[in-house]
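# Reading the structure
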Amino acid sequence: MGVRLSRSGSSLSLLPDRQSNGGTGERKDSDNDSLDGTSRREDIAQFPYVEFTGRDSITCPTCQGTGRIPSYQVNELVALIPYSDQRLQPQRTKLYVVLSIVLCLLASSLGAFFLFPRSVIVMDDGIHSVTVQFDTTNQKVLMNMTSTLNLSNPNFFSVSVDSVSCQVFYMKTVIGTQQLHNVTTLLPLSDSQVNYTVSVEIGSSAPYVYAFCTMPSIKVHNIVVLMQTTVKTANMVRTSMNSLEAYRYIDCGSNTTDVQQHLLSSTLSPALSLSTPLL
């Protein structure tokens, strides 16, 4: 608030200076507006860094009071933070560890379930057809036996059937053999059938069989043979082998030769490929 001095005779009078007061108020309003506006932010941004040092204070040795770190010391200086800083306290560490362990166990379990090799299931479907011929000169019985194997692949990857071998025994004597190579490839979770024919000859080792099979007074000429079948399979991890043994009844009589030959000639037809085995 300004005052104006006036001299009237020998007395002094204090009169308020209204014009000066009005000018000061306007100047304060303009200063406040400038501080609240853009100019205030610009002035603060341009305000230089000042380090206030007192009696017990020491100038920062890193920036030497300038507020800036030299560029050549960026890779040499190490920032120190208090031990109680929140950034040093682990957050949800146990949760992350447990979650990582669970995910690893789940991934390993799924990998073991899908990639663990399983053995191929081999089932003997029996003898589907038999053809019988007689060698009257040498008194031999010649037979062709067609058998079927059912193969099932329980794996989630393909399995190759490398070989199928079969031996037929009569009274502990080998009377026929057969071996197949590179048979087929089983797709994942699929089934397949393999047909193979074994040629059998019974003669010199058992001459009485010829007489038995050609005896007209007997209607059913059944003989028992032992069939040993071996299936060798391979996958991307290992090679396995399945062995089967089964006793089969075969009618070696001449009265069934024509019917069995008809069945053998029709084995390529799907309707007759699953015919009942001849006992």
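Attention in this report is confined to the structure presented alongside it. All values reported here derive from a predicted model rather than from experimental measurement. (Residues numbered from 1 in each chain as written. Predicted model: local features only at pLDDT ≥ 70, side-chain atom pairs only at ≥ 80, totals over all residues. Heavy atoms only, no water.)

### Overview of the sheet that holds strand β9 (residues 239-251)
- Ordered in space as β6-β5-β8-β9, the 4 strands form an open sheet in which the pairing is antiparallel. With partners counted over all chains shown, the strands left at the sheet margins are β6 (173-186) and β9, one partner each. Across the sheet, the axes of successive neighbouring strands diverge by a mean angle of 15°, strand direction being ignored.
- Inspection of the sheet shows strand β8 (residues 222-234) paired to β9 by 13 bridges, in the antiparallel sense. (Pairing = 2+ DSSP bridges. Helix = DSSP H or I, 4+ residues; strand = E, 2+ residues; numbered from the N terminus. Axes fitted to C-alpha atoms, helices over the stretch in contact; angles between N-to-C directions.)

### Digging into a nonpolar patch on the surface
- Where nonpolar side chains cluster on the molecular surface, the patch consists of Leu106, Leu110, Phe113, Phe114, Leu115, Phe156, Leu189, Met236 and Val237 and spans about 890 Å² of accessible area.
- Following the sequence through the fold, Phe114 ends up in helix α3 (residues 93-115).
- Given a relative accessible area of 37%, Phe114 falls into the partly exposed group. (Patch = residues over 30% accessible without salt bridge, like charges linked within 9 Å, V, L, I, M, F, W, Y side chains within 5 Å. Areas by Shrake-Rupley, 256 points an atom, 1.4 Å probe, with all protein chains shown as cover. Salt bridge = Lys/Arg side-chain N within 4 Å of Asp/Glu carboxyl O. Buried < 20%, exposed > 50% of the residue type's maximum accessible area, 1.4 Å probe, protein only.)

### Notes on the pairing of strand β5 (residues 159-170)
- Judged from the 11 bridges that link them, β5 and β6 form a sheet pairing that is antiparallel. Residue pairing in the sheet places Cys166 in a bridge with Gln178 of β6.
- Two successive antiparallel strands, β5 and β6, enclose a turn made up of 2 residues, where Met171 displays a positive phi of approximately 55°.

### Notes on the side chain of Ser163
- Along the polypeptide, Ser163 turns up in strand β5.
- Residue class for Ser163 comes out buried when judged on its relative accessible area of 12%.
- When sequence neighbours within four positions are dropped, the list of residues in contact with Ser163 reads Leu180, His181, Val183, Thr230, Val231 and Lys232. (Contact = heavy atoms within 4.5 Å.)

### Quick word on the pattern of salt bridges
- Counted under the stated rule, the structure contains 2 salt bridges.
- In this structure, the salt-bridge partner of Arg248 is Asp124, at a minimum N-O distance of 3.0 Å. With Arg248 in strand β9 and Asp124 in strand β3 (residues 121-135), this residue pair connects regions lying 124 residues apart in the sequence.
- You can call Arg248 partly exposed: its relative accessible area is 22%.
- A relative accessible area of 27% places Asp124 in the partly exposed class.
- With a closest N to O distance of 2.8 Å, Glu201 and Lys140 form a salt bridge. In this pair, Glu201 sits in strand β7 (residues 191-202) while Lys140 sits in strand β4 (residues 140-152), placing the two residues 61 residues apart along the sequence.
- Overall, the relative accessible area of 40% leaves Glu201 in the partly exposed class.

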